[in-house]
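An overview of the molecular structure
What follows is each chain in one-letter form.
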Amino acid sequence: DQQVKQNSPSLSVQEGRISILNCDYTNSMFDYFLWYKKYPAEGPTFLISISSIKDKNEDGRFTVFLNKSAKHLSLHIVPSQPGDSAVYFCAASGLGRGSQGNLIFGKGTKLSVKP
Amino acid sequence: KAGVTQTPRYLIKTRGQQVTLSCSPISGHRSVSWYQQTPGQGLQFLFEYFSETQRNKGNFPGRFSGRQFSNSRSEMNVSTLELGDSALYLCASSLTSRSNTGELFFGEGSRLTVL
């Protein structure tokens, strides 16, 4: 039973346009959500996070929106650049700060930004 | 400062053998987590260690084990290898302060192929 779902395996966007990556979760006890980016042959790198007490967090071109009632979060990248082409993983944590090593990951969405 | 270091980067084993993977966390990080990444399942949590103690364990068989040393370095072992164990094994370290947001710092992974 997947607790964190990324239903789109891939997404293709034109350079300069907005990329929207979606993520759904089932466990209402999750209290922290994170997005990671992964290039081939590299480990995932942290991108942006959001606490469940917020509904939006922004960092440069990246914004994460959280809709708790719908158990849905999304990552917006504006404007998209070719260097953003990577696999994006949504992750959730709900075991408290003492167990922050246990993140539940989605299966990832491969973003392709075309010049 | 140096990132998370995993060795070996690539290895090939045959069914029935065992394998040991090593991970050196970022200096000062005391929590080390291990994840398995496969194309069909995404990143799945194996276990987390803190101060030489296993804090959390994922849903993997007992063939998968790990340990952490006093210098925070960690090893994971897989015994009686099966073809399905072929995957990228990722190690991640994190701070354990109360201000930490759950961000994990990943290594580049150890790519295991079981023949």
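Higher on the page you've got the structure.
Residues numbered from 1 in each chain as written. Chains lettered and ligands numbered in written order. Predicted model: local features only at pLDDT ≥ 70, side-chain atom pairs only at ≥ 80, totals over all residues. Heavy atoms only, no water.

1. Describing the state of the cysteines
- If you walk through the whole model with that rule in mind, you get two disulfides over all chains.
- With its sulfur 2.1 Å from that of its partner, Cys 23 of chain A forms a disulfide with Cys 90 of chain A. Across the disulfide from Cys 23 of chain A to Cys 90 of chain A, rotation about the S-S bond amounts to roughly -75°, and the bridge is consequently left-handed. Within this pair, whereas Cys 23 of chain A is found in strand E3 (residues 19–25), its partner Cys 90 of chain A is found in strand E9 (residues 86–93), the two being separated by 67 residues in sequence. No difference in accessibility class separates Cys 23 of chain A from Cys 90 of chain A, as the two residues are buried.
- A sulfur-sulfur separation of 1.8 Å characterises the disulfide bridge that pairs Cys 23 of chain B with Cys 91 of chain B. Torsion about the S-S bond of the Cys 23 of chain B and Cys 91 of chain B cystine: about -60°, corresponding to left-handed handedness. Taken together, the positions of Cys 23 of chain B in strand E3 (residues 19–24) and Cys 91 of chain B in strand E9 (residues 87–94) put the pair 68 residues apart, joining distant regions of the chain. Exposure class is identical for Cys 23 of chain B and Cys 91 of chain B. Each is buried. (Disulfide = S-S within 2.5 Å. Helix = DSSP H or I, 4+ residues; strand = E, 2+ residues; numbered from the N terminus. Buried < 20%, exposed > 50% of the residue type's maximum accessible area, 1.4 Å probe, protein only.)

2. Here we look at the packing of aromatic side chains
- Counted according to the given criterion, the structure contains 13 aromatic pairs over all chains.
- Note on Tyr 35 of chain B and Phe 45 of chain B: the rings are 5.6 Å apart at their centroids and 65° apart in plane angle, and the pair reads as edge-to-face. Highlighted residues: Tyr 35 of chain B in strand E4 (residues 31–38) and Phe 45 of chain B in strand E5 (residues 42–50), separated in sequence by 10 residues.
- For the ring pair Tyr 35 of chain B and Phe 106 of chain B, a centre distance of 5.8 Å and an interplane angle of 55° mean the geometry is tilted. Here the residue Tyr 35 of chain B occupies a position in strand E4, and Phe 106 of chain B occupies one in strand E10 (residues 105–106), the gap between them amounting to 71 residues.
- Tyr 35 of chain B gets classed as buried once you look at its relative accessible area, which sits at 0%.
- Each member of the aromatic cluster is reached from another via a ring pair, and the members are Tyr 36, Phe 46, Phe 89 and Phe 105 of chain A together with Tyr 35, Phe 45 and Phe 106 of chain B. (Phe/Tyr/Trp six-rings, centres within 6.5 Å; stacked < 30°, edge-to-face > 60°.)

3. Considering the pattern of salt bridges
Residues and elements named next belong to chain B.
- Under the defined criterion, the tally for this structure stands at eight salt bridges over all chains.
- For the salt bridge of Arg 9 with Glu 108, the shortest nitrogen-to-oxygen distance reads 2.9 Å. In this pair, Arg 9 is assigned in the loop between strand E1 (5–7) and strand E2 (10–13) and Glu 108 in the loop between E10 and strand E11 (110–114), connecting sequence segments 99 residues apart.
- The exposure class assigned to Arg 9 is partly exposed, which follows from its relative accessible area of 28%.
- Using a relative accessible area of 39% as the deciding quantity, one classes Glu 108 as partly exposed.
- Here Arg 63 and Asp 85 are joined by a salt bridge, their closest N and O atoms 2.8 Å apart. Residue Arg 63 is located in the loop between strand E6 (53–57) and strand E7 (64–68), and its partner Asp 85 is located in the loop between strand E8 (74–78) and E9; the two are separated by 22 residues in the primary sequence.
- Connected through salt bridges with shared partners, the residues Arg 63, Glu 82 and Asp 85 form a single ionic network. (Salt bridge = Lys/Arg side-chain N within 4 Å of Asp/Glu carboxyl O.)

4. Things to note about the environment of Gly 43 of chain A
- Within the element layout of this structure, Gly 43 of chain A appears in the loop between strand E4 (32–38) and strand E5 (45–51).
- Look past the residues within four positions of Gly 43 of chain A in its chain and what remains in contact with it is Lys 37 and Lys 38 of chain A together with Leu 90, Phe 106, Gly 107 and Glu 108 of chain B. (Contact = heavy atoms within 4.5 Å.)

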